[in-house]
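As a plain string of letters, each chain reads:
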Amino acid sequence: MRQAGRYLPEFKAMRAEHDFFKVCQTPELACEITLQPIRRFELDAAIIFSDILVIPQALGLEVIMVPGKGPTFPDPINTPEDLKRLNESVDVSTSLKYVFDAITLTRHKLEGKVPLIGFAGAPWTLMGYCIEGGGSPTHAKSKRWLYAHPEESHRFLSILTRVIIDYLIQQVLAGAQLLQVFDSNAERLGYDTFMTFALPYLQQIASGVKEGLKQKGVQLVPMIVFAKGANYALKELSEIGYDVVQLSWTVRPEQARHETTDVTLQGNLDPCAMYASPDRIGELVLQMLKEFGTQKLIANLGHGVYPDFNPDHVKAFIDAVHHHSEQLNSLSEDNS
Ligand SMILES: Cc1c2[nH]c(c1CCC(=O)O)Cc1[nH]c(c(CCC(=O)O)c1C)Cc1[nH]c(c(CCC(=O)O)c1C)Cc1[nH]c(c(CCC(=O)O)c1C)C2
């Protein structure tokens with residue numbers, strides 16, 4: 001959940017010297033940034049430093065990081081005709097080799113201390129960025145495609161799905177021990193559009209990655225799905241082959257437990273809770289752990305950290321998770 005980026009002074013110092021995508025493309029730098037939060041905090045896992053937009057880049061689209069604005073496509077996909085611009089036969093093993101090298105290097109440097117998470121953007125979210133040309137408050141341009149060009153939308157989503165599956169398989173071969181798929185723009189969809197244009201592709205990714213790893217004789221890794229804000233489809237999300245469902249802060253833990261079957265949940269404290277005092281953060285963590293229960297839970301925020309978070313408050317969150325979960329676990333052992 002963006003644990004490395006933006007709010008850490010050591011990250012800001014690195015970014016003052018290097019362009020964002022240059023850092024992603026330089027394994028030594030990406031590895032160093034991945035390790036920064038691990039050195040500072042008692043985290044239980046590391047997430048490789050990269051971005052979901054490296055896939056559109058691999059497909060041939062230009063993406064630049066504009067200071068104060070975020071990732072920007074100077075020449076986005078406007079019409080179905082523009083799909084011809086995509087390099088559909090891209091070989092990710094060469095074009096995204098820098099990610100795999102960063103993963104392998106980071107695995108070595110972690111020396112088994114914590115597992116390393118790899119990730120990719122989901123098809124709907126990546127399609128959204130390619131069409132909007134960057135972030136958007138409504139996603140009206142990309143949603144327009146779903147209604148005005150449904151067939152071409154499916155074609156676009158299928159192209160992305162194939163590349164994502166290949167990319168995730170190769171992350172595991174390079175050393176990733178868990179995989180997270182980010183459908184951050186799911187919150188823009190409703191039940192029907194999500195079931196038509198997002199869920200089937202998320203399902204194909206889970207089954208495609210597992211099948212691909214089996215064929216290569218490689219041990220499967222747990223997979224996490226994050227369809228941000230898709231609280232209308234929690235049941236469905238828990239039934240499409242992922243081991244973990246990440247939740248945004250907009251759903252009650254009790255409701256999520258009730259609606260999902262047999263998956264681990266991940267989340268879901270409001271990231272803005274990091275603006276509270278460290279003591280208050282501790283209370284909120286305890287409440288969250290009580291509501292979820294400490295088993296089948298990966299305690300986390302409900303979305304990524306913001307640039308102006310105080311690292312001491314992030315530390316308060318992480319330490320409170322360990323402290324309160326140990327206490328709750330020992331209480332339940334005493335009772336059994
Ligand atoms: C997992 C991850 C992501 N980005 C980054 C990581 C690396 C992990 C880490 O920082 O610890 C670095 C990562 N990516 C970015 C930054 C900030 C760049 C900087 O230093 O200026 C960092 C640290 C840039 C970025 N990249 C993106 C945005 C959002 C733009 C928008 O919609 O308005 C932004 C601002 C796209 C993006 N990127 C990502 C997502 C999915 C998660 C989420 O919903 O937050 C999304 C939607 C995923």
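An unreviewed UniProt entry lists the protein chain under the name Uroporphyrinogen decarboxylase, from Holothuria leucospilota. UniProt annotates the protein chain under Sequence similarities (unreviewed entry) with the comment "Belongs to the uroporphyrinogen decarboxylase family." The Subunit (unreviewed entry) comment attached to the protein chain in UniProt states, word for word, "Homodimer."

Peer 1: Where do I start with the sheet that holds strand 1 (residues 46-47) in this structure?
Peer 2: Sheet strands pair via backbone hydrogen bonds, and the direction of the pair is either parallel or antiparallel. With parallel pairing, 7 strands are arranged side by side in an open sheet as 1-4-5-6-7-8-9. Edge strands, defined here as strands with exactly one partner in the open sheet, are strand 1 and strand 9 (297-301). As paired strands, strand 8 (residues 264-269) and strand 9 are joined by 5 bridges and run parallel to one another. By the bridge assignment for strand 9, Leu265 is matched with Leu297. Strands strand 5 (178-183) and strand 6 (223-227) of the sheet are contacted by helix 11 (residues 199-215), whose axis makes an angle of about 170 degrees with strand 6.

Peer 1: Looking at this structure, I do not really get helix 9 (residues 150-174). What am I missing?
Peer 2: Count 3.6 residues to each turn of an α-helix, and residues three or four apart come out pointing the same way. Over its 25 residues, helix 9 runs 36 Å from end to end, which matches the ideal 36 Å to within 8%, given 1.5 Å per residue. Count one or two residues on from helix 9 and you reach Gly175, which has phi positive near 130 degrees.

Peer 1: Any chance you could explain the site of the ligand here in plain terms?
Peer 2: The full set close to the ligand counts 22 residues, and Ala4, Arg15, Tyr129, Ser184 and His303 are the nearest of them. Here a nitrogen atom of the ligand and a side-chain polar atom of Asp51 are 2.7 Å apart. Contact between the ligand and His303: an oxygen atom at 2.6 Å from a side-chain N or O atom of the residue. Here the ligand, which alone exposes 880 Å², has 86% of that area covered by the protein. Its residues assigned to classes, the shell around the ligand shows 12 nonpolar, 6 polar and 4 charged.

Peer 1: Teacher, can you tell me more about the nonpolar core here?
Peer 2: When a protein is soluble and globular, its nonpolar side chains tend to lie buried together. One finds Leu96, Phe156, Phe194, Leu237 and Phe317 to be the most contacted residues of the largest nonpolar core, which totals 125 residues. Once you skip the residues sitting within four places of it in the chain, Leu96 turns out to touch Val54, Ile55, Ala58 and Tyr167.

Peer 1: Help me out: how do you make sense of the environment of Gly121 in this one?
Peer 2: Tracing the sequence through the fold places Gly121 in strand 4 (residues 116-121). A residue is classified by how much of its surface remains accessible, and Gly121, at 0% relative accessible area, is buried. Spatially, the C-alpha atoms of Gly121 and Val54 are 9.2 Å apart, while their sequence positions differ by 67 residues. If we skip the residues at most four places from it in the chain, Gly121 touches Ile52, Leu126, Ile164, Val181 and Phe182.

Peer 1: Looking at this structure, I do not really get the pairing of strand 4. What am I missing?
Peer 2: Two faces belong to every sheet, and in a regular strand the side chains alternate between them. Burial analysis of strand 4 places 6 of its 6 residues in the buried class, which makes it a mostly covered element. Side-chain alternation along strand 4 places Leu116, Gly118 and Ala120 on one buried face and Ile117, Phe119 and Gly121 on a second face that is also buried. When strand 4 meets strand 5, the two strands line up parallel, connected through 5 bridges. Bridging across to strand 5, Phe119 finds its partner in Gln180.

Peer 1: Honestly, the pairing of strand 6 in this entry has me stumped. Any pointers?
Peer 2: Within strand 6, 5 of the 5 residues are buried, which leaves it mostly tucked inside the rest of the structure. Residues of strand 6 alternate between two faces, with Met223, Val225 and Ala227 on one and Ile224 and Phe226 on the opposite face, all of them buried. Relative to strand 7 (residues 244-246), strand 6 runs parallel, the two being bridged by 2 bridges. Counted as the bridge partner of Val225 is Val245 from strand 7.

Peer 1: Can you help me understand the packing of aromatic side chains in this one?
Peer 2: We describe a pair of aromatic rings using the distance from one ring centre to the other and the angle between the two ring planes. Evaluated as defined, the whole model comprises 10 aromatic pairs. Seen from their ring centres, Phe20 and Phe49 are 5.6 Å apart, and the 70 degrees between their planes marks the pair as edge-to-face. With Phe20 in helix 2 (residues 20-25) and Phe49 in the loop between strand 1 and helix 4 (54-58), this pair connects stretches of sequence that are 29 residues apart. In terms of burial, Phe20 and Phe49 fall into one category: buried. Between the aromatic rings of Tyr275 and Phe309, the centroid separation amounts to 5.2 Å while the plane-to-plane angle is 85 degrees, which identifies the pairing as edge-to-face. Separated by 34 residues along the polypeptide, Tyr275 in the loop between strand 8 and helix 14 (278-292) and Phe309 in the loop between strand 9 and helix 15 (311-335) bring together distant segments of the chain. Looking at Tyr275, the relative accessible area reads 43%, which means it is partly exposed. Three or more aromatic residues joined by ring pairs form one cluster here, namely Phe11, Phe20, Phe21 and Phe49.

Peer 1: What should I look at first to understand the packing of helix 9 against helix 11 in this one?
Peer 2: Relative orientation of the contacting elements helix 9 and helix 11 amounts to 35 degrees, with a least axis distance of 9 Å. You can see that helix 9 and helix 11 cross each other, and the crossing is right-handed. Contacts between helix 9 and helix 11 involve His154, Leu157, Ser158, Thr161, Ile164, Ile165, Leu168, Ile169 and Val172 on the former and, on the latter, Tyr201, Gln204, Ile205, Gly208, Val209, Gly212 and Leu213. The residue inventory of the contact of helix 9 with helix 11, partitioned by class, reads 10 nonpolar, 6 polar and no charged.

Peer 1: Just to check I follow, could you spell out unusual backbone geometry for this structure?
Peer 2: Glycine aside, the phi torsion of most residues is negative, and most peptide linkages are trans. In this structure, the amide linkage connecting Gly267 to the following residue, Asn268, adopts the cis form with an omega of -15 degrees. The phi angle at Glu111 is positive, at roughly 50 degrees, despite the residue not being glycine. Located in the positive-phi region is His139, a residue other than glycine, with phi close to 60 degrees. Tracing the chain through its elements places His139 in the loop between helix 7 (123-132) and helix 8 (140-148).

Basis of the calculations
Residues numbered from 1 in each chain as written. Predicted model: local features only at pLDDT ≥ 70, side-chain atom pairs only at ≥ 80, totals over all residues. Heavy atoms only, no water. UniProt positions renumbered as here; feature names shortened; annotations may be inferred. Pairing = 2+ DSSP bridges. Helix = DSSP H or I, 4+ residues; strand = E, 2+ residues; numbered from the N terminus. Contact = heavy atoms within 4.5 Å. Axes fitted to C-alpha atoms, helices over the stretch in contact; angles between N-to-C directions. Expected span 1.5 Å × (residues − 1). Near = heavy atom within 4 Å. Polar contact = N/O pair within 3.5 Å; in protein donor to acceptor, adjacent residues only side chain to side chain. Areas by Shrake-Rupley, 256 points an atom, 1.4 Å probe, with all protein chains shown as cover. Nonpolar A, V, L, I, M, F, W, Y, C, P; charged D, E, K, R; others polar. Core = buried A, V, L, I, M, F, W, Y, C linked by side-chain atoms within 4.5 Å. Buried < 20%, exposed > 50% of the residue type's maximum accessible area, 1.4 Å probe, protein only. Phe/Tyr/Trp six-rings, centres within 6.5 Å; stacked < 30°, edge-to-face > 60°. Left-handed = near helix turned anticlockwise from the far one by under 90°.

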